[in-house]
Amino acid sequence: MTTKEKIERLRQRKAQLIAGGGEQRIAKQHELGKLTARERISLLFDPDTFQEMFLFAQHRCTNFGMAGKDLPGDGVVTGVGTIQGRQVFVASQDFTVSGGSVGELHADKICRSMEMALKSGSPLVFINDSGGARIQEGIDALNGYGRIFYRHVLLSGVVPQISIIAGPCAGGAAYSPALMDFIIMVEGTGELFITGPQVIKQVTGEDISAAELGGVYAQMSSGVVHMVARSDEEALHLCQRLLSFLPSNNLDDPPNYGTGDLIFAEDTFLNRVIPDNPRDPYDIKDVITRIVDDGDFLQIQEHFALNAVVGFARINGQTVGIVANQPAVMAGVLDIDSSDKIAKHVRFCNAFNIPLVTLVDVPGFLPGVQQERGGIIRHGAKMLFAYSAATVPKVTILLRKAYGGAYLAMCGKELGSDRVAAWPTAEVAVMGPEGAVNIVYREDIKKAADPKSARDEFINEYREQFANPYVGAARNLIDDIIEPKDTRRYLSLALASLRAKQELRPQKKHGLIPM
Ligand code: HXC
C-alpha cells in the first residue's frame, strides 16, 4: 500500500468511526430531542480546542454474536479541551453505538481520561447516555464499572466532577454519577434509576413508568439531582456556568473575576427586608442576590429541601459558597434533607478552597417523631461535622432567628466561624421566646389573673433580655452588629482579610463524618 493509500485508508476509517451508529440511529436520537455525543462535545468546549483520545478502541467480545461487530469508539467519545480557556477532560457516551452501553474498552477509555484529569489537575465532565453495563460482555462490563467507580473516588476532592444525565441511565450508569460532585439532568430525556420499571414490577409488583421512577422530578425531589435543564444545550451551558465558579483542582483557587477594587455599595432595601412581625416570612434569595456581584447566584438543588438554599456566587469577583435558611419555606427550619443538602455543599466548598458565607434565620431543628425516626440526630450532625471540619474562610451573618442547636449548626462562632456579624433584628437564644416562656414561666402564667397577657409580657421581656444580638456580642460570640444595608461591605472586608487564611489540624487518615 502506498503512503497516499495509507492516508486515504486512515481518513475513511476515521470518518466511519466518527459516524458512530449511523444515520438512522442519529436521526432517532434527534427525534427524541437529544444531541449526539459529538454534538454535545462541540457545544461544551471552546471552538477548535477538543482533542479526541482512543477513537480506535475496539471491544474483543465474542459472546452473543459480538465477534467482529464494529462498535465505533466502543460507544463513548473521550478527550480533552478547554472551557472558557481552562482544561477539562470529558467522556461523552454515544447512545447510537450499542446504546452507549459500557463494555471493557468503553470503560477503559473513561478510566484513562479520568487518570489524566487527575494527573493534570483538570475537572472531569461525564455526559451519560447509556443502557448501563453491556450485557454481552458480562463480568468484563461489571469490572469496567468497578474501575470507573474506583477512579471517581480517587478524583473526589482533587478535581471537580460533573455529570450530565442526557438519556436513560440504569444500574452502573446511575452509580457513577452518584459518585460525582454534581448531577445535571435533562428534563424529558434523562432517566436515572438502579433498576428499571420492569424489574421493579417483577420483584415488588409495583407498577410505575420510567419517567415517574427516574425522571427529573423524581430524582430532583430525592436529592440525587443537583440541577435541571430543559434541553441538552441548556445542560451544557449550566455545566460551563458551574465550572466558571470552580477551581480546576484542590490546589488552585477559583478563577477571580474581580478588578482588585472592593465594591461596597450600600443597599437600603436590606434595612427593610426583615418584617416587623418575627413570624412573617420573607424570601432569602432577595437578600442573597442583593449582596453578591451582579445579583448572579447559581442555586444548587433548587427543588430539594426548599427550606435551605445553597449555591455559588461571587463577591468582588471571588467565588463564595452560599448557605442560607429559607424563612419562606417551613420558616427555614432544619430537617433531615436540608441538613444533608447543607453538609454536602460545605464539604464541597471546603475541598475546593471556596469561602463560605452563611446566612442564618433558623427557628431550630424540626421536632417530630418522623424526623427522630429518620435519624435527624445523625443527619443534623453532618452539618456540625462539615462546618467544624471546614478550614476555608467562614463568615456568618445572623439575620433574625438563630435558635438552639440550629444556631450552632449554621456555623456559629464556636464551629470555627472566622467572622460572625448580626443584624439588629437577630435573636440568638436557646429557643424562641414563645417556647421558652412556656417552660421558664409556666407556674407564673398559670397563676396570673390574665394568663394570656401575662404570657405576652413574659415573651416581650424574654425577647428584650435574651433574644437579641447584644448578649452574644458582649461574649465575643458576635464580632459586630451591623446595619443590614452594610452587609456587602462587611462581607467584602472580611473575605479580603481572610484570603490568606491557614488553619492546621491534627494529622489523621480521615475524620468520620456521621453517615
Ligand atoms: C447491550 C444495550 C444495552 C446494554 C441498550 N443496548 N442497553 N446493549 N447492553 N445494557 C442496545 C440495544 O440492544 C439497542 O441496540 C440499542 O442499545 C438501543 O437500545 P433500545 O432498547 O433500542 O433503546 P430504547 O428503546 O431507547 O431503550 C433504552 C434502554 C433499554 C431503556 C436503556 O435499552 C434498556 O432497558 N437497556 C437495558 C438497561 C439495563 O438493564 N442495563 C443493565 C444495568 S445493570 P441496537 O443494536 O438495536 O441499536 C448495570 C450493572 C452495573 O449497569 C453495576 C452497578 C453497580
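Being a predicted model, the structure only gives us computed values, none of them experimental.

> Describe the pairing of strand β6 (residues 182–186), listing the residues and the values that go with them.
For β6, a buried count of five out of five residues is recorded, marking the element as mostly surrounded by other parts of the structure. Residues F182, I184 and V186 line one face of β6 and the alternating positions I183 and M185 line the opposite face, and both faces are buried. Crossover strand β5 (residues 161–170) to β6 through helix α6 (residues 172–178) is right-handed. Across three bridges, β6 lies against strand β8 (residues 227–229) in parallel orientation. Paired with V186 across the bridge in β8 is A229.

> Give a description of the packing of helix α12 (residues 336–351) against helix α14 (residues 376–389) that names residues and reports values.
At a minimum axis separation of 8 Å, α12 and α14 run at an interaxial angle of 20°. Classified by the angle their axes make, α12 and α14 are roughly parallel. The two elements α12 and α14 meet at a crossing, and its hand is left-handed. Of α14, the residues touching α12 (which contributes I336, S339, D340, I342, A343, V346, R347 and N350) are I376, H379, G380, K382, M383, F385, A386, Y387 and A389. Partitioning the contact of α12 with α14 into residue classes produces 10 nonpolar, four polar and three charged.

> Residue-level account of the pattern of salt bridges, with values.
Counted under the stated rule, the structure contains 31 salt bridges. A salt bridge links K446 to E443, with the nearest nitrogen and oxygen atoms 3.7 Å apart. Of this pair, K446 and E443 both sit in helix α17 (residues 442–447), separated by three residues, roughly a single helical turn. For K446, a relative accessible area of 60% translates into the label exposed. Each member of the salt-bridge network shares a partner with another, and the members are K34, R40, D129 and D232.

> Describe the nonpolar core, naming the residues involved and giving the relevant values.
In terms of nonpolar packing, the biggest core is built from 62 residues, with V125, F312, I342 and L398 touching the most fellow members. Discounting residues that sit within four places of it in the chain, I342 has contacts with A308, V310, V323, L334, M383, Y387 and M410. Within the second largest apolar cluster, 29 residues are counted, among which are L270, Y282, I315 and Y490.

> Residue-level account of a nonpolar patch on the surface, with values.
The grouping of V430, M431, I439 and V440 at the surface amounts to a nonpolar patch, some 400 Å² of accessible area in total. Inspection of the secondary structure assignment puts I439 in helix α16 (residues 433–440).

Parameters at a glance
- What you see as residue numbers is a count from 1 along each chain, following the sequence as written.
- Totals for whole chains, interfaces and linings use all residues, but because this is a predicted model, local features are given only for residues with pLDDT of at least 70 and pairs of side-chain atoms are given and counted only at 80 or more.
- Where side-chain values are given, they derive from all heavy atoms of the structure, hydrogens and water being excluded.
- The rule is simple: take the accessible area with a 1.4 Å probe, protein chains only, and divide by the maximum for that residue type; under 20% is buried, over 50% is exposed, in between is partly exposed.
- Under the DSSP-based scheme used, a helix requires at least four consecutive residues in state H or I and a strand at least two consecutive residues in state E, with every element numbered from the N terminus.
- Handedness is read with the strands pointing away from the viewer; a crossover is right-handed when the path from the first strand over the helix to the second is clockwise.
- One bridge is not enough; two strands pair if DSSP finds at least two bridges between them.
- Whenever a helix is involved, its axis is fitted only over the stretch in contact; in every case the axis is a line through C-alpha atoms, and angles between N-to-C directions fall within 0 to 180 degrees.
- Orientation categories follow fixed angle ranges, with anything under 35 degrees roughly parallel, anything over 145 roughly antiparallel, 65 to 115 roughly perpendicular, and all other angles oblique.
- The crossing is said to be left-handed when, going from far helix to near helix, the turn is anticlockwise and less than a right angle, and right-handed when the turn is clockwise.
- Only heavy atoms matter for contacts: two residues are in contact if any of them lie within 4.5 Å across the pair.
- Under this grouping Gly is polar, as are all residues other than the nonpolar Ala, Val, Leu, Ile, Met, Phe, Trp, Tyr, Cys and Pro and the charged Asp, Glu, Lys and Arg.
- Salt-bridge detection follows one rule: a side-chain nitrogen of Lys or Arg within 4 Å of a carboxyl oxygen of Asp or Glu.
- Nonpolar cores were defined as sets of buried Ala, Val, Leu, Ile, Met, Phe, Trp, Tyr and Cys residues, with membership established by side-chain atoms within 4.5 Å.
- Residues with no salt bridge and a relative accessible area higher than 30% make up the patches, which join like charges within 9 Å and nonpolar side chains (Val, Leu, Ile, Met, Phe, Trp, Tyr) within 5 Å.
- Areas reported as accessible are Shrake-Rupley estimates using a 1.4 Å probe. Residue values count occlusion only from the protein chains shown.

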